[in-house]
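Listed here are the chains, written in short residue letters.
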Amino acid sequence: MRSKILGFTAALLTLCMMTGCFIKPKNKNAMDKIKGDIECEFRVGKDAKTRKDAIDTDVVFDKDRFVELFNEQAHYSPSSLKHHTDELSLKINAQEQPDEWEEIFNSEINIKVLYDRQSRNVSVYEYDSKLYFFVLSMGSNSKPEEQGSYFMKLSKDMSKYWKPILKEVRKDAAEYQSKEYGSFTVERAYSYDKQYFTKILDSGDSVMIMINDTNNMPVCSFTPCRKSDFWGVCWEKDSYNLWIQSGDVGVVCYSMKDGKWELNPDAVRPDYIVSKYDK
């Protein structure tokens, strides 16, 4: 009798595997179907998930497609894939590819869904016209050849559905940027000849502007205003004059002198640099 049961079980398992009905274990991080209405929010730019303000947009999406997107991302376990990085789609090393690293992390769009007193969110990145999930970073404790940030490309079906949606969100985000910041930006900004770029860092209650050279080496830093008053930076298009926009001190210029940037109260702002306060 026991041999018959074992034989039947083996035959059943064989049949399931042949017909594709073998049941895979459920991903513990997977999301169930959403019942009822949802609210959706988009945040754009580096560290988008942690940004306070959502983009003002009329873009909508199907909640079931969001569940699919969330579950596709949850499938890529960092703890497992760190031992199989060759299975990931893209690696960018911040030290060797600083521009590419900055580009992909600045491209982040965080999609957040609120429903039934719960919320879930997914971040999607774009690089070379392809959409990716960020999976993990391998730091200095790893082998040199393994160090970098790793990404997994979205499946073809997911990419086809979400790409036009995210394109529209980026368009609305650009309009929001213009309205809120004018010509200024809180992202990395390059001088006219690409010899220098800005990094914006927190410094207690103040914001710190760090200027690096093309080798990503710090050249100068200064704290122009309080963090709560800061509204971005803007380079002149033919000089190393850097303009800072602040709700406290207004729009001020820092000019290069002896390799450092110093406040220049006599500088005249060019007409092409538009402040949010000009409107």
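Residues numbered from 1 in each chain as written. Predicted model: local features only at pLDDT ≥ 70, side-chain atom pairs only at ≥ 80, totals over all residues. Heavy atoms only, no water.

**Some words on the overall build of the protein chain**
Logical step 1: Check the secondary structure of the protein chain and you find five helices and 14 strands.
Logical step 2: Within the protein chain, the fraction of its 279 residues that count as buried is 39%.
Logical step 3: Expressed as a percentage of contacts within the protein chain between residues at least 6 apart in sequence, the contacts between residues at least 24 apart total 55%. (Helix = DSSP H or I, 4+ residues; strand = E, 2+ residues; numbered from the N terminus. Buried < 20%, exposed > 50% of the residue type's maximum accessible area, 1.4 Å probe, protein only. Contact = heavy atoms within 4.5 Å.)

**A word on the sheet that holds strand 6 (residues 148–153)**
Logical step 1: An order of 1-3-4-5-6-2 is seen for the six strands of this open sheet, with the pairing classed as antiparallel. In this open sheet, the two edge strands, each paired with only one partner strand, are strand 1 (39–44) and strand 2 (90–92). Pairs of neighbouring strands in the sheet enclose a mean axial angle of 35°, with direction left out of account.
Logical step 2: Direction of pairing for strand 3 (residues 109–115) relative to strand 4 (residues 118–127): antiparallel, over a ladder of seven bridges. Across the sheet, the residue bridging to Tyr115 is Gln118, located in strand 4.
Logical step 3: Of the strands in this sheet, strand 3, strand 4 and strand 5 (130–138) touch helix 2 (residues 63–74), which is tilted by about 70° from strand 4. (Pairing = 2+ DSSP bridges. Axes fitted to C-alpha atoms, helices over the stretch in contact; angles between N-to-C directions.)

**Describing the pairing of strand 12 (residues 242–246)**
Logical step 1: The buried fraction of strand 12 is high, at five of five residues.
Logical step 2: Residue alternation in strand 12 divides its side chains into two sets, Leu242, Ile244 and Ser246 and Trp243 and Gln245, and both sets are buried.
Logical step 3: With four bridges joining them, strand 11 (residues 230–235) and strand 12 adopt antiparallel strand pairing. Bridge pairing in strand 12 places Cys234 opposite Trp243.

**Looking at the sheet that holds strand 9 (residues 206–213)**
Logical step 1: Spatial ordering of the open sheet is given by 7-8-9-10, a layout of four strands whose pairing is antiparallel. Edge positions in the sheet fall to strand 7 (189–190) and strand 10 (218–226), since each has one partner strand and no second.
Logical step 2: Pairing geometry for strand 8 (residues 196–203) and strand 9, over eight bridges, is antiparallel. Paired with Ser203 across the bridge in strand 9 is Ser206.

**Observations regarding the pattern of salt bridges**
Logical step 1: Throughout the structure, instances matching the rule amount to 13 salt bridges.
Logical step 2: The residue Arg43 makes a salt bridge to Glu41 at a minimum N-O spacing of 2.8 Å.
Logical step 3: Its salt-bridge partner being Lys46, residue Glu102 comes within 3.6 Å of it at the nearest N-O pair. On the criterion of sequence distance, the pair formed by Glu102 in helix 4 (residues 98–106) and Lys46 in the loop between strand 1 and helix 2 is long-range, its members being 56 residues apart.
Logical step 4: Salt bridges sharing common partners tie together Lys46, Asp99, Glu102 and Arg188. (Salt bridge = Lys/Arg side-chain N within 4 Å of Asp/Glu carboxyl O.)

**Re the environment of Glu126**
Logical step 1: Relative to the helices and strands, Glu126 resides in strand 4.
Logical step 2: With a relative accessible area of 23%, Glu126 lands in the partly exposed category.
Logical step 3: When the C-alpha positions of Glu126 and Ile109 are compared, they lie 8.7 Å apart, and in sequence the two are 17 residues distant.
Logical step 4: Discounting chain neighbours no more than four positions away, the residues touching Glu126 are Ile104, Ser107, Leu131, Lys163 and Arg170.
Logical step 5: At 3.3 Å, the side chain of Glu126 forms a polar contact with the side chain of Arg170. (Polar contact = N/O pair within 3.5 Å; in protein donor to acceptor, adjacent residues only side chain to side chain.)

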